[in-house]
Amino acid sequence: MLLQRDAQGQPIAIRREDYAAPAFWIDTVDLTFDLDPAKTRVLNRMQLRRNPEVPAQPLRLDGDELNLARVLVNGQGASFRMEGDQLVIDGLPDAFELELFTTCCPIKNTKLMGLFVSEDTFFTQCEAEGFRRITYFLDRPDVMAMYTVTLRASKTAYPVLLSNGNLVDQGELPEGRHFAKWVDPFKKPSYLFALVAGKLVAREQRITARSGKEHLLQVYVRAGDLDKTEHAMNSLVNSVLWDEARFGLPLDLDRFMIVATSDFNMGAMENKGLNIFNTKYVLANQATATDADYSNIESVVGHEYFHNWSGDRVTCRDWFQLSLKEGLTVFRDQEFSQDLCADASARAVKRIEDVRVLRTAQFPEDAGPMAHPVRPDSYIEISNFYTVTIYEKGAEVVRMMQTLVGRQGFEKGITLYFERHDGQAVTCDDFAQAIADANPDSELARLLPQFKRWYSQAGTPRLAAHGVYDAQNRSYTLSVVQSCPPTPGQQTKEPFVIPLNIGLLDAATGRELPMQLEGESDVARGTRTIVLSRAGEQITFVGLDAEPVPSILRGFSAPVILDFAYTDAQLLTLLANDPDPFNRWEAGQRLGLRAALQAIAAHATDTTPVLDDAYLDAMRGVLRHPQLDAAFKELVLTLPSETYIAEQLDVVDPQRVHLVREAMRAQLATALFADWEQAYEDNKDTGAYTPDPTSSGRRALAGMALNFLCLAARASGDTVWPGKTLQRFKDAGNMTDRFNALNALVSSGHTLAAQALARFHAMFKDEALVIDKWFSLQAGASDRGGDILPLVKQLMKHPDFSLKNPNRARSVIFSYCSGNPGAFHRADAAGYVFWSERVIELDAINPQVAARLARALDRWSKLAEPYRSAAREAIARVAAKPDLSKDTHEVVTRALAGN
Ligand code: TRP
Ligand code: ZN
């Protein structure tokens, strides 16, 4: 740690502008592991050579929590010194062999970085800087080497031995041990190294690629879980076929493996040929997994598989370029999931869900103390930058490029990118350049330097638009002014390139109008992309007999906030008629948001009606609509979240936001009671279970209906619907229906909830992922059923609770602190005190998980009193703790610096 701290002992920031090429290259790495949970021995033989382009300097290898036993240069004992965690060797020849022998202790590794043990099985996690916890190395992504790996372990305890690439040898060793030797045919950075050793079984499938080449696909799990691997395997097969078909990118390995572990810091990891997954994103059968789980599995399996090209074949030069692989790969997995949809409505539903994540998680990040550009300029701990900005906003930046060059142009760009950079570690600039070079006549090529401000400037741009109709000239002029608020370290911003998709609707009929721009001869119908690049612009449409209703930012064509003073009537027109499903949904969200903000400003009490008849009629119209899909209806009828509402306010009283939104829900429940009954009856039976978008949409709408029916029952004292809901809970043929029924009882605070919860636990006591749901539902429930914080503390004492298992810790602590604002923000500050204690407690076990939890109070400075001062005090208490990890230290000091 020494080298990363300044004279005051504070961690030092790493800066992008300080990038320098490595002083040495590593060509080959030959690793031999003697696996033992208490003391694993690692022999590392490497071929190194000086980088002739860099001034001569000593070799500095990174290490972390290693015991070093031997250092040999060309077979001879060599002199070396330790500088902090780095192993430093002077006076080296231009090319040489380096042999290192170290040991480490996987069983004590609770950080889950490097080599660790989970349920008696060895796993590794090396991204971003975990390989240095396995051996001393140039642990940076621009050092790419060929790996040979030999694993040795007890044959009975660890019958399966896996690493990257191809199995080239295996056999018996004395004393009941055995070995396996793996060779990876591709050079790779150390963060893509992986090994797995333990008692596992695999589902296997052979597939034939377009080229005629055969591949073996394997999904490894623990013996009891094999019946939950079919969906992951199907998702993998679909991923392989999709990447070939859409981008011409084939599987480049004979064998591709996925392995699941229940102890994992994040979702999954794209190690070359050996992806390691959190069980949450692999295991599913209809009895244990919901439709949302099925769809997440499809996305994450796709995501990791697509990294095989975008990340593994072409990787990042340095960690500031993280979005090069993550933004592109999220874009690819989002496109994949959309392309698997059978129709346009299901595609739109997926798009709306993705935008909802961006706006409820990334927009607040961009407005808070952790705001950073898609390509950050500095960091203290890189693990803190695996963020929604790098991933989701990064994906939107890639999507805008596709919009600017067209779908075919983008495919050409991707082809050029991989041709040009295969086997290299490159930058975000290289990516954008390849897309532009493949499309020299595009708007992207014309505006490339300006477009790249999306990489360098943080913050969410705002578009202030307003329209003026000129009856004399039959024209409509839309003025658009863009701005972007200051973010930490960036006081002023330059204009962005913003592709703005627009349509015009007739205010009287709701029909789409032909569009003709001033000075143009052609008339087009449908959506047009207008490319904004100046601070203020005017767009004039001609040939209009009346003032149109503009449908702006269709499909959410750019990650911006659009301000347009729509009248309620205009929004109702869009909600009823917009052929663009995204904006149709958005019109409903704007109406709901407007009602919420007015009620909050008016200090509404929980008995004041918030929603007017026009809104309720419109919602009824959507619910009863004969053509709209159930999934789309469910999205329209979901009110903006408390987090999203809070984001629109300058000063947030979380209790008031909660109260108003709950009042809106209660009103929707009672005013549409008969319609909810009908929606439930129409959608409750979906036949034999399949997780496809159509039937999962119907289950989602039926679940929403039950929820509102139980809520209405609570107000009226009716017992029929809660009784039916309990019956549904008992009889359900799949987890989605069962969990929705349970949720309806719990979230309405019904007395039947307790027995349903007890029964649910008893039914699934051996299914860890289901028990996570059981914990999470209770910790995330609204306080209607009682005070949540004492319950959360009680849940932490449950024999099934463990702070060391990240999924379990998240299911209780994060569900409360991040997922339950109405219960977390307490006037007595007890929620914040609980948060600070858990951050400190977790930090000693697993800094990455602690630092995520630390972010729950990112937006503290927006809170009203007494919340604001109490939150600040809680953050200060964490920051004052000595020996905090770099991870948590960076988050809390940035939070305090914000105000
Ligand atoms: N690169 C991985 C992905 O996006 C995620 C990842 C990064 C990760 N660091 C990690 C996963 C640490 C687990 C632990 O797919
Ligand atoms: Zn990724």
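Here, every reference points to the structure presented above.
Residues numbered from 1 in each chain as written. Chains lettered and ligands numbered in written order. Predicted model: local features only at pLDDT ≥ 70, side-chain atom pairs only at ≥ 80, totals over all residues. Heavy atoms only, no water.

Enquirer: Quick one: what's the story with the coordination of the zinc ion (ligand 2), residue by residue and with numbers?
Expert: The protein atoms donating to the zinc ion (ligand 2) are His303 (NE2), His307 (NE2), Glu326 (OE) and Glu326 (OE), with metal-donor distances spanning 1.9 to 2.7 Å. Classification of the site at the zinc ion (ligand 2) rests on its six donor atoms, whose angles at the metal span 44 to 159°, yielding the label irregular. All donors of the zinc ion (ligand 2) come from a single chain, and their spacing in sequence reads H-x3-H-x18-E. Of this pair, His307 sits in the loop between helix 2 (291-306) and strand 23 (315-316) while Glu326 is found in helix 3 (residues 322-339), placing the two residues 19 residues apart along the sequence. Judged by its relative accessible area of 0%, His307 is buried. Judged by relative accessible area, Glu326 falls into the buried class, the value being 1%. (Donors = N, O, S within 2.8 Å, 3.2 Å for Na, K, Ca; no water. Tetrahedral: all angles 85-135°; square planar, octahedral: opposite > 155°, others 65-115°. Helix = DSSP H or I, 4+ residues; strand = E, 2+ residues; numbered from the N terminus. Buried < 20%, exposed > 50% of the residue type's maximum accessible area, 1.4 Å probe, protein only.)

Enquirer: Tell me about the site of ligand 1, and name the residues and values.
Expert: With respect to spatial proximity, 14 residues lie near ligand 1, and among them Glu127, Glu270, Glu304, Glu326 and Tyr391 are the closest. Contacts to ligand 1 include Glu127, whose side-chain N or O atom sits 2.5 Å from a nitrogen atom. Interatomic distance of 2.6 Å between a side-chain N/O atom of Tyr391 and an oxygen atom of ligand 1. In the complex, the protein chains occlude 97% of the 370 Å² of accessible area that ligand 1 would expose alone. Contributing elements (two or more residues each) for the shell around ligand 1: strand 21 (268-269), helix 2 and helix 3. Here the residues of the shell around ligand 1 are counted per class, giving six nonpolar, three polar and five charged. (Near = heavy atom within 4 Å. Polar contact = N/O pair within 3.5 Å; in protein donor to acceptor, adjacent residues only side chain to side chain. Areas by Shrake-Rupley, 256 points an atom, 1.4 Å probe, with all protein chains shown as cover. Nonpolar A, V, L, I, M, F, W, Y, C, P; charged D, E, K, R; others polar.)

Enquirer: I'd like a description of the state of the cysteines, backed by residues and values.
Expert: All told, the structure shown has zero disulfides when counted by the stated rule. Distance from the sulfur of Cys105, which forms no disulfide, to the nearest cysteine sulfur (Cys104) is 7.7 Å. Under the relative-accessibility criterion, Cys105 is labelled partly exposed at 28%. (Disulfide = S-S within 2.5 Å.)

Enquirer: Can you break down helix 22 (residues 788-796) residue by residue, with the values?
Expert: Buried within helix 22 are the following residues: Ile788, Leu789, Val792, Leu795 and Met796. Take helix 22 and look down its axis: the buried residues cluster within an arc of 115°, on one side only. Looking at the buried residues of helix 22, the elements they touch are helix 21 (768-779), helix 23 (806-817), helix 24 (821-824) and helix 25 (830-845). (Arc of directions from axis to C-beta. Contact = heavy atoms within 4.5 Å.)

Enquirer: So, the sheet that holds strand 28 (residues 498-505): which residues are in play, and what are the values?
Expert: Pairing between the strands of a sheet comes from backbone hydrogen bonds, and it takes one of two forms, parallel or antiparallel. A sheet is described by the order of its strands in space; here three strands give the open sequence 29-28-31, paired in antiparallel fashion. Single-partner strands in this sheet number two, and they are strand 29 (528-532) and strand 31 (549-552). Taken over all neighbouring pairs, the strand axes of this sheet differ in orientation by 35° on average, direction set aside. Here four bridges tie strand 28 to strand 31, and the two strands are oriented antiparallel to one another. If you follow Leu504 over to strand 31, its bridge partner there is Pro550. Across the sheet, helix 10 (residues 568-577) is in contact with strand 28 and strand 31; its angle to strand 31 comes to roughly 65°. (Pairing = 2+ DSSP bridges. Axes fitted to C-alpha atoms, helices over the stretch in contact; angles between N-to-C directions.)

Enquirer: An account of the pattern of salt bridges is requested, with residue identities and associated values reported.
Expert: A complete count under the given rule lists 74 salt bridges for this structure. For the salt bridge of Asp429 with Arg375, the shortest nitrogen-to-oxygen distance reads 3.6 Å. Pair noted here: Asp429 is in helix 6 (residues 428-437) and Arg375 is in the loop between helix 4 (344-367) and strand 24 (378-379), with a separation of 54 residues, a long-range link. A relative accessible area of 9% places Arg375 in the buried class. (Salt bridge = Lys/Arg side-chain N within 4 Å of Asp/Glu carboxyl O.)

Enquirer: Describe the packing of helix 17 (residues 693-716) against helix 19 (residues 735-747), listing the residues and the values that go with them.
Expert: Viewed as axis vectors pointing N to C, helix 17 and helix 19 meet at an angle of 20°, and their least axial separation amounts to 8 Å. One way to sum up the angle between helix 17 and helix 19 is to call them roughly parallel. Where helix 17 crosses over helix 19, the two elements pack in a sense that is right-handed. Of the residues in helix 19, those touching helix 17 at Arg699, Gly703, Leu706, Asn707 and Cys710 are Thr736, Asp737, Asn740, Ala741, Asn743, Ala744, Leu745 and Ser747. (Parallel < 35°, antiparallel > 145°, perpendicular 65-115°, else oblique. Left-handed = near helix turned anticlockwise from the far one by under 90°.)

Enquirer: Please provide a residue-by-residue account of the sheet that holds strand 11 (residues 121-125), values included.
Expert: The strand order across the open sheet built from four strands is 10-11-17-13, with neighbouring strands paired in antiparallel fashion. Edge positions in the sheet fall to strand 10 (114-118) and strand 13 (160-163), since each of these pairs with one other strand and no more. Going across the sheet, the axis of each strand differs from the next one's by a mean of 15°, ignoring polarity.

Enquirer: Tell me what's going on with the packing of helix 25 against helix 27 (residues 867-879), and back it up with residues and numbers.
Expert: Axis separation between helix 25 and helix 27 bottoms out at 9 Å; the angle between their running directions is 15°. Between helix 25 and helix 27, the interaxial angle falls into the category roughly parallel. Between helix 25 and helix 27 lies a crossing whose hand is right-handed. On helix 27, the residues touching Tyr832, Val833, Trp835, Ser836, Val839 and Ile840 of helix 25 are Tyr867, Ala870, Ala871, Ala874, Ile875, Arg877 and Val878. Here the contact of helix 25 with helix 27 is composed, by residue class, of 11 nonpolar, one polar and one charged.

Enquirer: Go over the packing of aromatic side chains with me, naming the residues and quoting the values.
Expert: Inspection of every chain in the model, using the stated rule, returns 40 aromatic pairs. Considering the side-chain rings of Trp242 and Phe247, the 5.6 Å spacing of their centres and the 85° angle between planes classify their relative orientation as edge-to-face. According to the relative accessible area criterion, Trp242 is buried, its value standing at 8%. The interplanar angle of 85° and the centroid separation of 5.0 Å between the aromatic rings of Tyr417 and Phe431 together place this pair among those described as edge-to-face. (Phe/Tyr/Trp six-rings, centres within 6.5 Å; stacked < 30°, edge-to-face > 60°.)

Enquirer: Tell me about the pairing of strand 19 (residues 214-221), and name the residues and values.
Expert: Two faces make up the sheet, and in a regular strand the side chains alternate between them. When you tally the buried positions in strand 19, you get seven out of eight residues, the bulk of the element. Bridge analysis of strand 18 (residues 201-208) against strand 19 gives eight bridges, and the strand direction is antiparallel. Across the sheet, residue Glu204 finds its bridge partner in strand 19, namely Gln218. Here strand 18 hands over to strand 19 after five residues, with Gly212 in that stretch at a positive phi of 95°. Of the pairings in the sheet, the one linking strand 19 to strand 20 (residues 255-261) comprises five bridges and is parallel in character. Directly across from Gln218, in strand 20, lies its bridge partner Met257. A crossover links strand 19 with its parallel partner strand 20, the connecting element being helix 1 (residues 230-247), and its sense is left-handed. (Right-handed = clockwise from strand over helix to strand, strands pointing away.)

Enquirer: Please set out the side chain of Gln362 residue by residue, giving values where relevant.
Expert: Along the polypeptide, Gln362 turns up in helix 4. Judged by its relative accessible area of 1%, Gln362 falls in the buried class. A distance of 3.0 Å separates the side chain of Gln362 from the side chain of Thr389, its partner in a polar contact. Residues within four places of Gln362 in sequence aside, it is in contact with Val357, Val388, Thr389, Lys393 and Thr460.

Enquirer: Break down the environment of Val481 for me, citing the residues and quoting the values.
Expert: Tracing the backbone through its elements, the reader meets Val481 in strand 27 (residues 475-483). Residue classification places Val481 among the partly exposed positions, given a relative accessible area of 47%. Separated by 413 residues in the primary sequence, Val481 and Leu68 place their C-alpha atoms 60 Å from one another. The residues touching Val481, leaving out its near neighbours within four places in the chain, are Arg462, Leu463, Ala464, Ala535 and Gly536.

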